[in-house]
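# Working through the structure, step by step
The primary structure of each chain is shown beneath.
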Amino acid sequence: MAHHPLRLILDGDALAANWRWLAARSGGAACGAAIKADGYGLGAREVVARLRAAGCRDFFVATWAEAEALGPWPGELALSVLHGVGPDDMAAAAASPARPVLNSSAQVARWRETGRPCDVMVDTGINRLGLAPADVAAGLLDGLEIETLMSHLASADEDVETNDRQRRDFAALAGGVQARRRSLANSAGICLGPDFAFDLTRPGIAVYGGVPRREADGRIRQVARVEAQIVQRRRIEAGDRVGYGGTFVAERSCELAILNIGYADGYLRSFSNSGRARIAGGFAPVVGRVSMDLTAIRVDAAPALGEGDWVELDYDLPAAAAQSGLSQYELLTGLGARSERSWR
Ligand SMILES: *Cc1c(COP(=O)(O)O)cnc(C)c1O
């Protein structure tokens with residue numbers, strides 16, 4: 001098999017420790033995990049195996065295709081499909097052990113026929129997916145076997161009044177619905193405190209090393225590290241330009257390492273002249289524009305680095321988000337398409 005010049009080093013202990021911290025913060029509530037987008041880009045199957053060993057029993061994907069891609073699903077674990085059951089999903093849903101999260105009256109009508117259990121999403125203000133509270137109050141859900149009744153916070157990462165309003169509206173509405181469990185909080189919602197945990201929490205980003213709010217500062221460990229191989233080392237002279245558009249101009253002669261990573265690998269153009277790699281004793285700045293498959297870093301401080309050596313890009317999510325202007329979610333889910341994943 002051909003050699004991969006780009007790899008994601010994935011820390012299984014950090015993943016499990018992050019989940020355990022979120023589980024503890026969830027108080028008496030059970031703690032699940034969102035594994036949509038292939039486990040936020042890290043590989044959903046591996047994530048499930050590790051979180052299952054840590055004690056996680058409830059998992060969430062976006063679509064039936066994602067549920068199917070997980071392969072045979074262990075009977076003791078619950079799997080919920082967040083987008084529910086659309087007109088083209090019934091065959092896949094019939095063959096799957098997963099439950100749909102019903103989001104609209106059309107989905108409720110479609111699922112009612114099956115007589116099988118389901119989850120339900122109610123919209124308390126995000127206006128993305130979910131049933132209108134008025135429809136719920138009017139009895140739309142009567143007779144359904146509901147495992148988990150959910151809602152989703154719109155601004156849990158901010159200190160805004162809408163968080164409490166959504167929590168109160170959800171609690172009031174849930175009082176009138178027969179469901180085994182209630183669930184509201186994502187990663188940031190867990191940080192808001194025990195009032196937001198209800199019976200089940202649904203963290204995603206923080207499991208994978210994202211820091212959703214300051215309460216998680218210093219508690220959440222980095223899970224994914226990005227390492228690229230050096231394709232070539234070169235010297236440039238004063239006045240030389242680097243990369244497309246020549247956006248970096250050397251003020252004096254310096255040494256570059258050209259790395260096997262670019263925006264097609266998820267290392268986006270926002271890191272042009274702003275990202276950095278870790279080298280012994282410090283950082284090597286990205287110079288010039290990130291291109292599709294290659295990125296230049298300045299390595300005057302690392303005379304020993306050369307062709308074939310591995311270099312770690314600085315990809316600590318909160319820091320990289322601040323540096324690039326991208327969200328921690330985009331930074332994470334964009335990785336991995338062309339990388340080898342190596343769990344440690
Ligand atoms: C993605 C998602 C989550 C997890 O959110 P994070 O912000 O990544 O913790 C929880 N619930 C729903 C409905 C989601 O779509």
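Residues numbered from 1 in each chain as written. Predicted model: local features only at pLDDT ≥ 70, side-chain atom pairs only at ≥ 80, totals over all residues. Heavy atoms only, no water.

## What about the overall build of the chain?
Using the following cut-off: Strands are runs of DSSP state E lasting at least 2 residues, helices are runs of H or I lasting at least 4, and numbering of each runs from the N terminus. For every residue, the accessible area (1.4 Å probe, protein chains only) is compared with the maximum for its type, and the residue is labelled buried under 20%, exposed over 50%, or partly exposed between those bounds. What makes two residues a contact is simply this: any of their non-hydrogen atoms within 4.5 Å. Working definition of accessibility: Shrake-Rupley area with a 1.4 Å probe, residue cover restricted to the visible protein chains. Charged residues are defined narrowly, with Lys and Arg counted positive, Asp and Glu counted negative, and His plus the chain ends left uncounted. Charged side chains are reduced to one point each, which is NZ for Lys, CZ for Arg, CG for Asp and CD for Glu.
Looking only at helices and strands, the chain features 11 helices and 19 strands. Overall, the chain is about 75 × 45 × 35 Å in size when its C-alpha atoms are taken along their principal axes. Classification of the 344 residues of the chain by burial places 53% in the buried group. If you take every contact in the chain between residues at least 6 apart in sequence, the share linking residues at least 24 apart comes to 64%. Accessible area for the chain stands at about 15000 Å²; split by element, carbon and sulfur atoms hold 48% of it. Separation between the mean location of the 38 positive side-chain charges and that of the 42 negative ones in the chain comes to 2 Å.

## Focus on the nonpolar core
To keep it simple, the criterion reads: Remark: nonpolar core denotes a set of buried residues (Ala, Val, Leu, Ile, Met, Phe, Trp, Tyr, Cys) joined through side-chain atoms within 4.5 Å. Domain limits in this description derive from either an automatic procedure or a database domain assignment.
Ranked by size, the top nonpolar core spans 94 residues in total, and within it Ile35, Phe59 and Leu141 carry the most contacts. Counting residues per element, this core draws most heavily on helix H1 (residues 12-25), at 6 residues. Here this core spans two domains, since at least three of its residues come from each of domain 1 (12-209) and domain 2 (224-343). The next biggest cluster of nonpolar side chains, apart from the first, holds 9 residues, and it includes Cys254, Ile258, Val287 and Ala296.

## Quick word on helix H6 (residues 105-112)
Basically, it comes down to this: Here, the arc refers to the directions that run from the helix axis to the C-beta atoms.
Taken together, the buried positions of H6 are Gln107, Val108 and Trp111. Buried residues of H6, seen end-on, are gathered within an arc of 100 degrees and therefore sit on one face of the element. The elements touched by buried residues of H6 are helix H5 (90-94), strand E6 (99-102) and strand E7 (118-121).

## Observations concerning the domain arrangement of the chain
Note the following rule: Buried area is a sum: the accessible area each of two parts loses on coming together, probed at 1.4 Å, counted once for each and added. The term salt bridge refers to a side-chain nitrogen of Lys or Arg lying within 4 Å of a carboxyl oxygen of Asp or Glu. For the purposes of these results, a polar contact is taken to be a pair of N or O atoms within 3.5 Å, where, inside protein, one atom must be able to donate a hydrogen and its partner to accept one; residues adjacent in sequence count only when each atom of the pair is a side-chain atom.
Under the domain assignment used here, the chain contains domain 1 (12-209) and domain 2 (224-343). For domain 1 versus domain 2, the separation of C-alpha centres amounts to 37 Å. At the interface, 14 residues of domain 1 touch 11 residues of domain 2. Across the domain 1 to domain 2 interface the summed buried area is about 1100 Å²; carbon plus sulfur atoms make up 66%. Together, Tyr40, Leu42 and Ile205 form the three largest contributors to the area buried by domain 1 at its contact with domain 2, with a combined 46%. Where domain 1 packs against domain 2, one counts 1 salt bridge. Here domain 1 and domain 2 share 3 residue pairs in polar contact (both at pLDDT 80 or more) between them.

## What about the site of the ligand?
Rules: For this description, a residue counts as near a given molecule or strand if any of its non-hydrogen atoms is within 4 Å of it. Using protein atoms alone on a 1 Å grid, points that fit a 1.4 Å probe yet trap it form a cavity, whereas open point sets bounded by protein on both sides within 12 Å along at least five of seven lines form a pocket; residues with an atom within 4 Å of a point count as lining. More than half of a molecule's atoms lying within 2 Å of a cavity's or pocket's grid points is what places that molecule inside it.
Around the ligand lies a shell of 14 residues, among which Lys36, Tyr40, Ser187, Ile205 and Tyr329 are the nearest. For the ligand, a nitrogen atom lies 3.5 Å from a polar atom in the side chain of His152. Protein coverage of the free-state accessible area of the ligand, which is 390 Å², stands at 93%. A majority-of-atoms criterion places the ligand in the largest pocket.

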